[in-house]
Amino acid sequence: MSRLDLLIALRAAIRDVRYTLVNLIGLSAAFAGAMLIGLYVLHEHNYERWLPNVEKTALVYSELAVQDQENYTSSRTQFALAPEIEGRIPGVERVARVRDQSADTVLQSHVENQVYLAVDPVFLEMIPFPAVEGDPALAIAQPHTLVVTQRYAEKWFGARHGVLGRTVRLRLQGELVPFTVGAVIEDPVGPSHFNLQALFNLDRRDSDIDFDNWGGLGCRTYVQLAPGANQPAILQTLNETFQAGIRRQLGEESDPGFAVTYGVVPLESLRFRKPELLDNGDSTSPMFVLGLAGACLVILTLMLANFAALSSAMAARRARETAIRRTLGAAKGAVGAQFLTESVVFAAAAIALGLALTAVVLPAFNALVGLELNLAPLASASGVTTLAGLAIVTGLLGGSAPALMVVRMDPARVLAGGGAGARGSAAGVRFVVVAAQYAISAALICGALVSYAQVQHMAKATINFVPEGMVLIKDAVRPEATRLDALLETLRATPGVAAVGVGSNGPGIGSVNTDRVLKGSGEGVYLQRMSVEAGYLSAYKTPLLAGRWFDPTRPEDDALLPDGSDWSISQNVVLNETGARAMGFRTPSTALDQTFRRGDRLQRVIGVVADQAFTTLRAPPDGAYYLLDRRDLRAIAVRFSGVDQETAVIRTENAWRSVYPDLPVEVEPVDNVLWELYAKERRQTYALIGFSGLAVLLAALGAFALSAFSAERRGREMAIRRIVGADGWSIAALHLRRALVPAAIGAGLATPLAIAGAERWLAFFENRIDGAAAYGLVAGLAVLALAVIAASAEAAALARTPPGKTLQAV
Amino acid sequence: MIEMTTIEKVFRTETVETKALAGVDLTIKQGEFVAIMGPSGCGKSTLLGILGLIDKATRGSYRFEGEEVATLPERLAARRRRERIGFVFQQFNLVDELTVAENVALALRYRSMSAGERKRRIEEALDRVAIGHRARHFPAQLSGGQQQRAAIARAVVGGPALLLADEPTGNLDSNNGREVMRLLSELNAQGSTLIMVTHAQFQADQAHRCIHMLDGRVIGDSTNQRPEAA
């Protein structure tokens, strides 16, 4: 590209600054969108892949089949499995157990709950994390020795190295046990299901775990496989090991009531093949990731189509210059090459701008997807190569249409005033592309509206308790349960506290106890067991549908009978509405005074309450029964009145510290807890809204390009119409009508499909909004409005330009 | 220099076929100044386009400097244009985004030569048409006459053997028109073959020959008694 070519291109770009800016903004925005999605997809793709030896390591998971219940897949296996198979299965070189263990960690006066990995020493041979100081393999073999990451070292000791021999105390089994740092390893450099902060030896002495029990799933088991290991044979041996183990434990004739079948999934493919096994909340559906990757392709395709269309419109305005070049001896190829080169340079500039835009938007995007993505992958050698390739490919593909146009152009005709001679078929392709863009926009707008409305609905839906003014102490009662009464008294005496409700469950707490109870007919029904304290119902303000709630003054209401009590006395319980229905009672009141059996003890229904939706509105509520039982109280809900949220949290924390000065506490407003419950949907919705916005922007640019091109091509026709009597308004109206046609076709085709898709998505939610069709209609109208807006500038210009001027120019 | 035999040019659309040139025979010698006249639509500009190798004849033979160019591939036709042919148009056809000097330089863009040689040629061409003082101006800052002089400078900077002018004074007032004609005549006198399409008889009278066209055919070819001065 010569200096003259560059000058012409630059000055033409400045002359047509409106087109140039629109093209640049569109390209940059699309590139930024594609880069964000690319970073996200790359992050997901890199899941676990950075781990040393990842290609040889696999997770053993369990398929649990329990009678009368749906099968359940767990990332955990029995502690007993690993020792049984170690060195006994051909192809399995190493076996290691890992247990996530949170422990109150104490350093001087600082107390905080910290997550650790309790591992078999062989784990660090299997996955040898790079050491910063000390010998991790040696350290992990020692009792009460920590292998810490640099970030852990920095957090607890204020330095990323030089911390060997430093000590913290961990509360294990109710005792504060000193742990010494024996080695420091590098921080994780990629995403993983390992919550890697610090590790210590999975030592029997520090745990009350029954390491020989085949009945519970308590740890993750990893195997290192030899190349070409026979996986079916390995699985068969694993399953036989379980059968033998459970028989040994329960006796040959006993039926354990459940069966475990193992599976093995390579760590490399864990994220996408078994996302449900990720216990760290990274369970975003692979379909969502794939959907985003698809969205990236759609965005790039739309961008290319727009780029080509707008570049063609701009090239048409440079027809005379091109014709002059041709008469001056430029071969077709040279002219075409010039336009292609310009296009590549333009795409490169747009990528640079897109990169800057990405840097600006990345923090917000990170907040949206809940990750800490950075631009490092784009600055790496492969990233730069990819971006350069993207610029070249975009430039060549987007520039090929204008290049082809100028190559095909007849210079004699152009110089004789005949125009660039845009071909009808190319205009037709542009029309189809724009209609497709409108279709995609309509679908995305509809999806974004429905998704947003559903998330809003979920946040406000009837949950049968009142979250406003309530804070929650999670995982409240650990070893010092004996001080619970003191805590409750302190809380109730705290200014602003209206009520305190304590239960085994609370908002956002997913783990529940489930019991199989027997109806009068002998039929078994699974009900969640909710242990509560008497003030629970009034604190949550949950409606009582029939009967009464527990009265602490009535001994028969209390699940805990004093020693020597008559166990034949029935136990009073309260059902929730779904539980009552599951037990066969048509209405809440018909359940009153009815009985069912749990184990040996008869349960008498004294009341029915509304279903509390603590964890999800996606699934129907579970049947549950409430017991007045203080043995398993984990969630303390404190209702405040006339106090703001922040003060409520502070006062609750202070009350806790006055009773448990040595235990950390986590207090959260219930509103926030509920907000987090739908984080996945909300993130997906915001992502959908974000990328819908981008698609709409691209569609608008596409529409603008078509409008500009149409105005360029039809300028003469419009001028003639003006000369024969049409006024400016009718010319503008004609242009707008033509612009509306692809929008109407696109929206007409896409809206019904989008509505159908939205209704299918909504069907996943038990509690959902109605009226997807109305949102579809709004999306269709929005697309039509978009078409009018995109074409209005050209319409106004056509209406304003004197016809004589147009004809002279043409 | 130019030998055209039964040149035909047909424009086709899906339903209409228009014969713009219907068998033109034409011979032009090196150094001639030939005017082509005729009513609008008679095929003058089409003929000029074929002569300048920016258009191709549908049928017939066209020998340019002894070489058959009617079927010349585009790449070679482009080469002949940049090395042997210069164009002057009624609408000047300067690139609006380039200055006068840059417009002239554009004609050398596709030829390989040293920067110094390029600069020398550009300055010489601008001086020849007396527009050097406007070299850094953009076309929009020039009068019509100045624009046409710049266009002539661009046409001659490559030293063409053949100069084609399509109504070069059509957009100029009489004074500027006379000045442009003087320049073209000078260039012809310096050795360039000049073929000019014109509607004005007084301009055609300055040529050596005047060819009359009607309905795509040459209907008259007369030799002028060329006046001494325009």
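Right above here is the structure, for reference.
The shown structure was predicted, so the numbers you read here are calculated from the model rather than taken from an experiment.

This paragraph deals with helix H16 (residues 484–493) of chain A. Residues and elements named next belong to chain A. For H16, the complete set of buried residues consists of Leu-484, Leu-487, Leu-488 and Leu-491. Here the buried residues of H16 occupy an arc of 95 degrees about the axis, which is enough to place them on one side. Structural note: H16 exposes Glu-489 and Ala-493 on the side pointing more than 90 degrees away from its buried face. Looking at the buried positions of H16, the neighbouring elements they touch are strand S12 (470–473), strand S13 (497–503), strand S21 (635–640) and helix H20 (645–659).

What follows concerns the sheet that holds strand S6 (residues 85–88) of chain B. Residue and element names in this part refer to chain B. As summarised here, the arrangement of the six strands in space is S6-S7-S8-S3-S9-S10, forming an open sheet in which the pairing is mixed. Each having just a single partner strand, S6 and strand S10 (217–223) make up the two edges of the open sheet. Averaged over all adjacent pairs, the angle separating strand axes in this sheet is 20 degrees, with direction ignored. As paired strands, strand S7 (residues 162–166) and strand S8 (residues 193–197) are joined by five bridges and run parallel to one another. Bridge pairing in S8 links Asp-166 to Val-197. Packing of helix H1 (residues 44–51) onto the sheet brings it into contact with strand S3 (33–37), S6, S7, S8 and strand S9 (209–214), and relative to S7 it is tilted by some 155 degrees.

Let us look at the nonpolar core. Counting 87 residues, the largest nonpolar core has Ile-2, Tyr-62, Leu-184 and Ile-195 of chain B as its most contacted members. Among the elements that take part in this core, helix H5 (residues 144–156) of chain B stands out by supplying six residues, more than any other. When residues no more than four places from it in sequence are discounted, the contact partners of Leu-184 of chain B are Ile-152, Leu-163, Ala-165, Pro-168, Leu-194 and Met-196 of chain B. Judged by nonpolar contacts, the second largest core, of 44 residues, contains Tyr-19, Ala-30, Leu-39 and Met-303 of chain A.

In this section: the packing of aromatic side chains. Residues and elements named next belong to chain A. Evaluation of the coordinates by the stated rule reveals 26 aromatic pairs over all chains. Their ring planes at 15 degrees and their centres at 5.8 Å tell us that Phe-307 and Phe-346 sit as a pair that is stacked. In this pair, Phe-307 is assigned in helix H9 (residues 286–316) and Phe-346 in helix H11 (residues 332–369), connecting sequence segments 39 residues apart. Its relative accessible area of 19% is what places Phe-346 among the buried residues. For the ring pair Phe-465 and Phe-614, a centre distance of 5.2 Å and an interplane angle of 65 degrees mean the geometry is edge-to-face. In this pair, Phe-465 is assigned in the loop between helix H15 (424–460) and S12 and Phe-614 in the loop between strand S19 (601–609) and strand S20 (624–628), connecting sequence segments 149 residues apart. Considered together, Phe-465 and Phe-614 belong to a single accessibility category, that of buried residues. These aromatic residues form a ring-pair network of at least three members: Phe-465, Tyr-536, Tyr-540, Trp-549, Phe-550, Phe-614 and Tyr-626. Positioned above the aromatic ring of Tyr-47, the side-chain terminus of Arg-271 is 5.5 Å from the ring centre. The lysine or arginine in question, Arg-271, covers the ring of Phe-272, its NZ or CZ lying 5.6 Å from the ring centre.

The subject of this paragraph is the side chain of Asn-572 of chain A. All names here are of chain A. Note that Asn-572 resides in strand S17 (residues 571–576). Take Asn-572: its relative accessible area is 5%, and that puts it in the buried class. Separated by 2.7 Å, the side chains of Asn-572 and Asp-557 make a polar contact. Not counting residues up to four positions away in its chain, the partners in contact with Asn-572 are Arg-548, Phe-550, Glu-556, Asp-557, Arg-604 and Ile-606.

A pair can form between side chains of opposite charge whenever their charged atoms are brought close. By the definition in use, this model includes 43 salt bridges over all chains. As a salt-bridge pair, Arg-529 of chain A and Asp-515 of chain A come within 2.8 Å of each other at their nearest N and O atoms. Of the two residues, Arg-529 of chain A sits in strand S15 (residues 524–532) while Asp-515 of chain A sits in strand S14 (residues 513–518), which places them 14 residues apart along the sequence. With relative accessibility at 21%, the residue Arg-529 of chain A sits in the partly exposed group. Where Arg-59 of chain B meets Glu-8 of chain B, a salt bridge forms, and the shortest distance between an N and an O atom there is 2.9 Å. Here the residue Arg-59 of chain B occupies a position in strand S4 (residues 59–64), and Glu-8 of chain B occupies one in strand S1 (residues 2–12), the gap between them amounting to 51 residues. A relative accessible area of 43% places Arg-59 of chain B in the partly exposed class. One salt-bridge network, in which partners are shared between bridges, spans Asp-5, Arg-318, Glu-321, Arg-325 and Glu-342 of chain A together with Arg-109 of chain B.

About the cut-offs
Residues numbered from 1 in each chain as written. Chains lettered and ligands numbered in written order. Predicted model: local features only at pLDDT ≥ 70, side-chain atom pairs only at ≥ 80, totals over all residues. Heavy atoms only, no water. Buried < 20%, exposed > 50% of the residue type's maximum accessible area, 1.4 Å probe, protein only. Helix = DSSP H or I, 4+ residues; strand = E, 2+ residues; numbered from the N terminus. Arc of directions from axis to C-beta. Contact = heavy atoms within 4.5 Å. Pairing = 2+ DSSP bridges. Axes fitted to C-alpha atoms, helices over the stretch in contact; angles between N-to-C directions. Core = buried A, V, L, I, M, F, W, Y, C linked by side-chain atoms within 4.5 Å. Phe/Tyr/Trp six-rings, centres within 6.5 Å; stacked < 30°, edge-to-face > 60°. Lys NZ or Arg CZ within 6 Å of the ring centre and 35° of its normal. Polar contact = N/O pair within 3.5 Å; in protein donor to acceptor, adjacent residues only side chain to side chain. Salt bridge = Lys/Arg side-chain N within 4 Å of Asp/Glu carboxyl O.

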